[in-house]
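Below, each chain spelled out in residue letters.
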Amino acid sequence: MRGRGVLLLALFVFLTSPFVGRMHFSPFGMGELEKAVLLNIRLPRVIASALVGASLSLAGLTFQNVFRNPLAGPNLLGVTSGAAFGAVLAILLGFGGLLIQFSAFLFGVLAVFIVWRLSKLIGDGLLSLVLAGIAVSAFFSSLVGFAKYLADPYDKLQEIVYWLLGSFAGLRWENLWPMLPPLAVSIVGIVLLRWSLNVLSLSEEEAKALGLNVSLYRRFLVLLAALGVSASTAMAGMIGWVGLVSPHIARLLVGHDNRTLAPVSALVGASMLAFCDDIARSLATFELPLGVVTSLIGAPVLMAILARRRWHVKG
């Protein structure tokens, strides 16, 4: 019943979002200007925010189960930092538009590859993967900082800072199509394999006793999640909290069974990011950075969830 409520709420958000912004208009009796804004600006933006929100939420859910850590998020393996450096490098070199997206996506995938190879040198298991992810994330974050130091403060630096804060401003259909395949593969792949997350959330010995090829499924799910995070960061910049908070909200609604939890998490993440994007483009006369809005909403929501669980345990 709660899952149906989430679906209805998500539909409401997606149907109303195209008409919300600094320019408000009704779906009835639209003129040529309103139709152009709806079809060429608002619609691709709403679709992008829904796909990115769903992808980040499923990535967060995947990492939380695979690493058996409720505070694991999409940036755990350095994907976000790698993609951020790719975009910053492209901006610094004077590229624009699709080349920034492509560079961010490429470096995000490269970060995952480096983490995987580095973890094999450190050892085998989840701990080595996490340690490699922390190291790679710190490395790319330092490169981002160095690039910001080198950037022209009156030109490139402003563009870099704005991109790092996250935004769908300026996104059009031509920006959406290149990232659509990796986002679709990530979302559909994780949803289809959601049953294996129940087993991977157990200890490795229990998972193997149930007949699951732990190494194979873990590797495949992590790659799917990383693919989605890379594409999401390439398209929207660094968006925090959505991938961490959305799975927890979904757990409160439908429980811990990932067969139900995964699609509900995707809906929660998609509607949450679309709602945050509505706020970012309509709250002020200028557009707010999306990453700032998601942080302002996500942090209190996470604290409320943690407090509720504490009260529930005491009760």
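Residues numbered from 1 in each chain as written. Predicted model: local features only at pLDDT ≥ 70, side-chain atom pairs only at ≥ 80, totals over all residues. Heavy atoms only, no water.

(A) Summary view of the side chain of Ser186. Within the secondary structure layout, Ser186 lies in helix 7 (residues 173-192). Not counting chain neighbours up to four residues away, the residues in contact with Ser186 comprise Ser55, Leu224, Ala225 and Gly228. (Helix = DSSP H or I, 4+ residues; strand = E, 2+ residues; numbered from the N terminus. Contact = heavy atoms within 4.5 Å.)

(B) Spotlight on unusual backbone geometry. For Arg68, which is not a glycine, the phi torsion comes out positive at approximately 50°. Structurally, the position occupied by Arg68 is in the loop between helix 2 (32-66) and helix 3 (79-92). Of note in this structure, Trp241 is not a glycine but carries a positive phi near 75°. With respect to the helices, strands and loops of the structure, Trp241 is situated in the loop between helix 10 (214-236) and helix 11 (242-254).

(C) Quick peek at the packing of aromatic side chains. All told, the structure shown has six aromatic pairs when counted by the stated rule. Taken together, a centroid distance of 5.4 Å and an interplanar angle of 85° make the contact between Phe85 and Phe107 edge-to-face. Highlighted residues: Phe85 in helix 3 and Phe107 in helix 4 (residues 98-122), separated in sequence by 22 residues. Each of the two residues, Phe85 as well as Phe107, counts as buried. Among the aromatic side chains, those forming a connected cluster through ring pairs are Phe85, Phe107, Phe139 and Phe140. (Phe/Tyr/Trp six-rings, centres within 6.5 Å; stacked < 30°, edge-to-face > 60°. Buried < 20%, exposed > 50% of the residue type's maximum accessible area, 1.4 Å probe, protein only.)

(D) Expanded view of the environment of Leu77. Mapped onto the elements of the fold, Leu77 is located in the loop between helix 2 and helix 3. Expressed as a C-alpha distance, the spacing of Leu77 and Val136, which sit 59 residues apart in the sequence, is 7.5 Å. In this structure Leu77 touches Phe63, Phe67, Ala111, Val115, Leu129, Gly133 and Val222, once residues within four positions along its chain are discounted.

(E) Structural detail: the pattern of salt bridges. All told, the structure shown has five salt bridges when counted by the stated rule. Among the salt bridges present, the one from Arg281 reaches Asp278, with a minimum N-O distance of 3.0 Å. Here Arg281 and its partner Asp278 are both found in helix 12 (residues 258-282), three residues apart, which amounts to about one turn of the helix. Residues joined in a network through salt bridges with shared partners are Arg45, Asp277, Asp278, Arg281 and Glu287. (Salt bridge = Lys/Arg side-chain N within 4 Å of Asp/Glu carboxyl O.)

(F) Quick look at helix 5 (residues 126-150). Along its 25 residues, helix 5 runs 36 Å from first to last C-alpha, staying within 8% of the 36 Å computed at 1.5 Å per residue. All buried positions along helix 5 are accounted for by Leu126, Ser128, Leu129, Ala132, Gly133, Val136, Ser137, Phe140, Val144 and Ala147. Where helix 5 is buried, its residues contact helix 2, helix 3, helix 4, helix 6 (156-164) and helix 10. (Expected span 1.5 Å × (residues − 1).)

(G) How the structure looks around the nonpolar core. In this structure, Leu77, Trp163, Phe168 and Met235 are the most contacted members of the largest nonpolar core, which totals 85 residues. Considering every element that reaches this core, the biggest residue donor is helix 10, with 11 residues. Sequence-distant contacts of Trp163, that is, excluding residues within four places in its chain, are made with Ala83, Ala84, Ala87, Ile91, Ile100, Ala104, Thr233, Ala234, Gly237 and Met238. (Core = buried A, V, L, I, M, F, W, Y, C linked by side-chain atoms within 4.5 Å.)

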